[in-house]
Amino acid sequence: MEHENRNVLLSVRDVKQYFPVKKTKLRETQRYVRANDGISLDIYAGETLGLVGESGCGKSTLGRTLLQLYPQTHGQVLYYKDGKEIDLKSLSKEEMRVLRKDLQLIFQDPYSSLNPRMTVGQIIGEGLVSHGVFKRGDPAMRDYIFQVMERCGLATYMFGRYPHQFSGGQRQRIGIARSLALNPSFVVCDEAVSALDVSIQSQILNLLSDLKEKQNLTYLFITHDLSVVKYISDRIGVMYLGNMVELAPTEELFANTLHPYTEALLSAIPVVDEDDKRERILLEGDIPSPVNPPSGCKFHTRCRYCQQKCMEEVPEWTDVGNNHFVACHFPLRHKE
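The shown structure was predicted, so the numbers you read here are calculated from the model rather than taken from an experiment. (Residues numbered from 1 in each chain as written. Predicted model: local features only at pLDDT ≥ 70, side-chain atom pairs only at ≥ 80, totals over all residues. Heavy atoms only, no water.)

**Some words on the packing of helix 5 (residues 168–180) against helix 6 (residues 198–215)**
Item 1. Interaxial distance between helix 5 and helix 6 falls to 10 Å at its minimum, and their mutual angle equals 15°. It follows that helix 5 is roughly parallel to helix 6 by the angle criterion. Crossing handedness for the pair helix 5 and helix 6: right-handed. Seen from helix 5, the contacting residues are Gly 169, Arg 173, Ile 176 and Leu 180; seen from helix 6, they are Ile 200, Gln 203, Ile 204, Leu 207, Leu 208, Leu 211 and Gln 215.
Item 2. Classifying every residue of the contact of helix 5 with helix 6 by side-chain character gives 7 nonpolar, 3 polar and 1 charged. (Axes fitted to C-alpha atoms, helices over the stretch in contact; angles between N-to-C directions. Helix = DSSP H or I, 4+ residues; strand = E, 2+ residues; numbered from the N terminus. Parallel < 35°, antiparallel > 145°, perpendicular 65-115°, else oblique. Left-handed = near helix turned anticlockwise from the far one by under 90°. Contact = heavy atoms within 4.5 Å. Nonpolar A, V, L, I, M, F, W, Y, C, P; charged D, E, K, R; others polar.)

Structure (C-alpha cells):
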C-alpha cells in the first residue's frame, strides 16, 4: 500500500506508558512497569495496522493508551480531524468524551465485555443515547439499531435477547455492532478473534474487512496470531517488551524479515506443507521483566545473533526503505 499520498489519522510520538509498582518498604525507590517505552509510528486513514508480539509485550496497553483510556506517561498522540491536529493528551475529560464517537474499542472477551442485564438493543443503543445521537425511546433509534445489527450479521429478532442466549461468535458481533454504531473513524480491535473457534474467526475477520470498506474505517488490529494478522493487515508492527522492533507492509515483512525476533515469530507459524523445511527458531528463556529490562537492545538476552554492541547500545529506529522500519544493530539481510 502506498502511503505517500495518504492522510495520517493518528501520529504517535515517543509514547511511554509506565505503571508504578507497589512499594514493599517505606524508603524503597519507586519502580515502574515499562509497558510502552518510547513508541513512534503513524497510522494512516483507511488502513489496517496489525500489532503482534508475545503476551505481556504491551500491545493492548498501547491500544488503550491511543484511546486515552490510559493517559500516557510521556509523548504525544495526535489525532487529525477535519484538517486539524488534536493532541489527545491535552484534552479535558469532557473534550475527550466528545471524541469517543470517533475512537472506539472492540474488546477481546465477548463474554465479560457485555452487560448480562442488558438486551442487545440496549447494549448497542447505550452509546447512541450517551452521545446524543438519539433520545431514549426514540422509534428512529430502534430502526437504526436494526440496520447496524443487519450490517454486523445479527438477525433483528435478537433485539430483545440477553448476552447469555448467544454463542461466542454472536456475542463478538454484538460487541462489534456496539462499537461501530457510532460511525467511528478509528477502531482498536484488541484480540478481537482470539477467544473464538477457528471457523468463527474467519467469519469475524471477513465481517471486519467488509465493514472497513463500507464505513471507511481505520483499524489497529492487536493479535498474537501471525496467520490472522497476515490475512487482515496492510502493515504489521512487531512489539517486544514495550518497544516496536519492526514495522513494514505485510508482504514486505514476510518476504524481507529484518529483526531476529520477527524471524523467530514467523518460524513458529504452523504449516501443512510436508515439504516445507523451514528452520524452527526456538527462543530460549523467558521474556525479561518490564520493571527491570536489559540494557542495550532488550532482545539481546534471547537473540542468537547477539554481539557486544547489542548489550551496550540501544538500537535506533531506522527506515531501511519501502516503508520498512527496524530497530536492530545487525539486520538479518546483513548477516549473510
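Now, onward.
**Some remarks on the packing of aromatic side chains**
Item 1. On inspection of all chains with the given rule, the structure shows 8 aromatic pairs.
Item 2. Taking 5.6 Å as the distance between ring centres and 40° as the angle between the ring planes, the aromatic pair formed by Phe 134 and Tyr 144 counts as tilted. In this pair, Phe 134 is assigned in the loop between helix 3 (120–130) and helix 4 (139–151) and Tyr 144 in helix 4, connecting sequence segments 10 residues apart. The burial state of Phe 134 is the same as that of Tyr 144; both residues are buried.
Item 3. Members of the aromatic cluster, each reached through a chain of ring pairs, are Tyr 240, Tyr 261 and Phe 299.
Item 4. The positively charged end of Lys 230 is found above the aromatic ring belonging to Phe 254, 4.6 Å away from the centroid. (Phe/Tyr/Trp six-rings, centres within 6.5 Å; stacked < 30°, edge-to-face > 60°. Buried < 20%, exposed > 50% of the residue type's maximum accessible area, 1.4 Å probe, protein only. Lys NZ or Arg CZ within 6 Å of the ring centre and 35° of its normal.)

**Observations concerning the side chain of Asp 102**
Item 1. Relative to the helices and strands, Asp 102 resides in the loop between helix 2 (93–99) and strand 6 (103–106).
Item 2. Assessed through its relative accessible area of 11%, Asp 102 is described here as buried.
Item 3. Discounting chain neighbours no more than four positions away, the residues touching Asp 102 are Tyr 79, Lys 81, Pro 184, Ser 185 and Phe 186.

**Structural notes on the UniProt feature "domain: ABC transporter" (unreviewed entry) in the protein chain**
Item 1. The positions UniProt marks with the feature "domain: ABC transporter" (unreviewed entry) are residues 21–266.
Item 2. The span residues 21–266 is 37% helix and 23% strand, and its two end C-alpha atoms sit 33 Å from each other. (UniProt positions renumbered as here; feature names shortened; annotations may be inferred.)

**Comments concerning the side chain of Gln 215**
Item 1. Relative to the helices and strands, Gln 215 resides in helix 6.
Item 2. A distance of 3.4 Å separates the side chain of Gln 215 from the side chain of Asn 183, its partner in a polar contact.
Item 3. Not counting chain neighbours up to four residues away, the residues in contact with Gln 215 comprise Arg 151, Leu 180 and Asn 183. (Polar contact = N/O pair within 3.5 Å; in protein donor to acceptor, adjacent residues only side chain to side chain.)

**Here we look at the sheet that holds strand 5 (residues 84–87)**
Item 1. Taken in spatial order, the 4 strands line up as 2-1-4-5 in an open sheet, and their pairing is antiparallel. With partners counted over all chains shown, the strands left at the sheet margins are strand 2 (32–44) and strand 5, one partner each. For this sheet the average axis-to-axis angle between neighbouring strands, irrespective of direction, equals 20°.
Item 2. One ladder, built from 4 bridges, connects strand 4 (residues 74–81) with strand 5; its direction is antiparallel. If you follow Lys 81 over to strand 5, its bridge partner there is Lys 84.
Item 3. The strands that helix 1 (residues 59–66) touches are strand 1 (8–20), strand 2 and strand 4; relative to strand 2, the one it contacts most, it runs at about 65°. (Pairing = 2+ DSSP bridges.)

**Side note on the packing of helix 3 against helix 4**
Item 1. As a packed pair, helix 3 and helix 4 sit with axes 10 Å apart at the nearest point and diverge in direction by 110°. In terms of axis orientation, helix 3 runs roughly perpendicular to helix 4. The interaxial crossing formed by helix 3 with helix 4 has right-handed handedness. Where helix 3 abuts helix 4, its residues Val 120, Gly 121, Ile 124, Gly 125, Leu 128 and Val 129 lie against Met 141, Tyr 144, Ile 145, Val 148 and Met 149.

**Description of the pattern of salt bridges**
Item 1. Counted according to the given criterion, the structure contains 9 salt bridges.
Item 2. One salt bridge in this structure joins Arg 235 and Glu 47, with 2.7 Å as the shortest N-O distance. Highlighted residues: Arg 235 in strand 9 (residues 235–240) and Glu 47 in the loop between strand 2 and strand 3 (48–52), separated in sequence by 188 residues.
Item 3. Taking the shortest distance from any N to any O, the salt bridge between Arg 304 and Glu 263 comes out at 3.8 Å. Taken as a pair, Arg 304 in the loop between helix 9 (260–267) and helix 10 (308–312) and Glu 263 in helix 9 lie far apart in primary sequence, 41 residues in all. (Salt bridge = Lys/Arg side-chain N within 4 Å of Asp/Glu carboxyl O.)

**Thoughts on helix 5**
Item 1. The terminal C-alpha atoms of helix 5 lie 18 Å apart, and with 13 residues this matches the ideal 18 Å at 1.5 Å per residue to within 8%.
Item 2. Here helix 5 lies mainly inside the structure; 11 of its 13 residues are buried.
Item 3. Buried within helix 5 we find Gly 168, Gly 169, Arg 171, Gln 172, Arg 173, Ile 174, Gly 175, Ile 176, Ala 177, Ser 179 and Leu 180.
Item 4. In this structure, the buried residues of helix 5 make contact with strand 6, helix 3, helix 4, strand 7 (186–190) and helix 6. (Expected span 1.5 Å × (residues − 1).)

**Notes on the pairing of strand 7**
Item 1. With 5 of 5 residues buried, strand 7 lies mostly within the body of the structure.
Item 2. Judged from the 5 bridges that link them, strand 7 and strand 8 (residues 218–222) form a sheet pairing that is parallel. Bridge pairing links Val 188 to Leu 220 in strand 8.
Item 3. Handedness of the strand 7-helix 6-strand 8 crossover: right-handed. (Right-handed = clockwise from strand over helix to strand, strands pointing away.)

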